[in-house]
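# Coordinate inspection notes
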Amino acid sequence: MGAVALSLSRKAELVFNTKAHGLTARLRLKGNKEGNKEVLRPCLVLQDIGELCLKSVHCKSGCCHRDSGLSLARCAPKAAESQECSPRHISGIYYKCPCERGLSCHANKTIVGSITNRNFGVCKDPQDF
């Protein structure tokens with residue numbers, strides 16, 4: 001998919017573009033005071049739960065989740081207390097979402113668990129220890 005422009009008025013349009021880092025939107029102002037140059041101002045469009053994502057930073061919930069290595073990743077809610085979770089990691093795509101704020105994921109943090117995608121745990125309140 002390339003760029004798609006949505007006209008807001010005679011002087012402004014919103015340009016959507018998909019790139020390797022996700023969906024972006026830019027406000028394009030025409031006929032401004034800088035010699036009639038077009039000005040592009042970036043703004044990030046965060047995805048809702050259920051929408052496709054490439055990384056967790058693209059989701060309002062903060063979790064980009066996939067069921068298997070072959071499935072498409074979609075935004076999902078973070079794990080609540082007593083639900084399965086994954087510790088945070090670099091790739092930004094999870095098989096189990098990280099815990100909601102204030103909870104911690106007690107998981108298998110060994111290198112073997114990380115390599116085999118078996119480093120799942122359970123969300124717990126740290127004050128319960």
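Everything here concerns the structure above.
Described in the following lines is the structure provided in the data block. Here the structure is a predicted model, which means the values were calculated and not measured.

Time to look at the sheet that holds strand 8 (residues 93-94). Read across the open sheet, the 3 strands follow the order 6-5-8; overall the sheet is mixed. With partners counted over all chains shown, the strands left at the sheet margins are strand 6 (74-75) and strand 8, one partner each. Inspection of the sheet shows strand 5 (residues 64-65) paired to strand 8 by 2 bridges, in the parallel sense. Pairing of His-65 across the sheet is with Tyr-94, part of strand 8.

A separate point is the sheet that holds strand 10 (residues 121-124). Pairing is antiparallel in the open sheet, where 3 strands are placed in the order 7-10-9. In the strand order of this sheet, the two ends are held by strand 7 (84-85) and strand 9 (104-107), each with one partner. Pairing of strand 7 with strand 10 involves 2 bridges; the strand directions are antiparallel. Bridged to Glu-84 within strand 10 is Val-122.

What counts and what doesn't
Residues numbered from 1 in each chain as written. Predicted model: local features only at pLDDT ≥ 70, side-chain atom pairs only at ≥ 80, totals over all residues. Heavy atoms only, no water. Pairing = 2+ DSSP bridges. Helix = DSSP H or I, 4+ residues; strand = E, 2+ residues; numbered from the N terminus.

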